[in-house]
Structure formats: structure tokens, C-alpha cells
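# Fold and geometry: a report
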Amino acid sequence: MSSGVVQMVSRLLVITTLLFMLTACGSLAGRVKPGDAESAVLSSAGRPTASYPLPDGGKRLQYSGQPWNQSVWNIDLDLQGRVVRVEQMMSDAAFAHIRSGADTRSDVQREFGPPAYVYAFPMKDETAYMYRYFDSAGWYAAMFVYFDPADTVKRTETGMDPWRLNDNDRGR
């Protein structure tokens, strides 16, 4: 085979693998159900991108596709290691629960995972997390969560996903 064909086949394999991985993250709700054991979750979904202790003593397994995928799945386990909740966090409804003046950077990361990007605004003495998602109408969107120097949420703003603005794509 020529080197051009080998390169093309290699690229197709990489793209296919990436699409498979993104599709796997996108379908966690169908593969993980309340009552499943943690071992079954790990067998089905793989290693989480993050794990957090929950206030009731349980544990959260988080599967984030950020920055390249618009999904973050939280799978909450009880004290016995059984699934009690499976939730897609990249939604307008989930973001509506962020409390300005009360939630901290740690709270936001526990709920939504690491951001796709962190912006610094030194003249305003604040930083912002950007989360990429599809809004309730199905458009590419970004949620910006702004923090003060004490790491408390100042405000949130929804806008167009800036990473999609130059993709010759009108949002779908």
C-alpha cells in the first residue's frame, strides 16, 4: 500500500475509535441503572474521570467528555456501593441549580466536573469556567460560571459556544 493510503486508514481508525468512545459516554443512562453495583458500573462504563465523596457518605463517579464532548454524567452511589442516581449534568435545568453567592468552585466541579476552559479576567479579579453543552433547544451553547477571588460563584451566563463560532456551522 502507498503511504497515503496507510495514513488515510490510520486516520479513519483514530476517528472511529474517538467516535466510539464519545458514543459510549453519551449512552451511560441506558447502560447504568439504579440498583447496579459499583463493580458493574466500572465494568460497563470504565474508569471515571473523577470521583467525589458525597455528604451522605456515598460516592459520585463522574464521566466527563469536556472539553470535546458536551456531556458530563454523574453516577451517585449509596453507602453500599449501589447506584441511586444517573444524571446528565450538561443541561439548562442542571445549570439552573448553581447558586450565586453560595456555591464554591469545589461545589461546581463536584456537580459539573472540570471545565472545558478557564478564563482569567485580572482587571475584574475573577475567573470563569466554561462548560460546553447543548441548550434545551439543541443548539451548541456554553455556560460560563464566574468566581470571585474567594472561589465563590459570582454569576452565571449562557452564550454561544465560542469554539463553534469559526466552524462554519450554524449551531446544529
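Attention here is on the structure that accompanies the text. (Residues numbered from 1 in each chain as written. Predicted model: local features only at pLDDT ≥ 70, side-chain atom pairs only at ≥ 80, totals over all residues. Heavy atoms only, no water.)

## Considerations on the environment of A128
If you trace the backbone, A128 turns up in strand β6 (residues 126-134). By relative accessible area, which is 0% here, A128 ends up buried. Between the alpha carbons of A128 and V153 there is a distance of 9.2 Å; along the sequence they are 25 residues apart. When residues no more than four places from it in sequence are discounted, the contact partners of A128 are Y117, V118, Y119, F121, V145 and Y146. (Helix = DSSP H or I, 4+ residues; strand = E, 2+ residues; numbered from the N terminus. Buried < 20%, exposed > 50% of the residue type's maximum accessible area, 1.4 Å probe, protein only. Contact = heavy atoms within 4.5 Å.)

## Considering the nonpolar core
By size, the foremost hydrophobic cluster in this structure holds 16 residues, and its most contacted members are M90, F95, V108, F112, Y131 and V145. Listed by contribution, the elements that provide at least two residues to this core are α4 (92-95), α5 (105-112), β6 and β7 (140-147). Ranked by residue count, the leading element in this core is β7, at four residues. By size, the runner-up hydrophobic cluster in this structure holds nine residues, among which are L61, Y63, W73 and I75. (Core = buried A, V, L, I, M, F, W, Y, C linked by side-chain atoms within 4.5 Å.)

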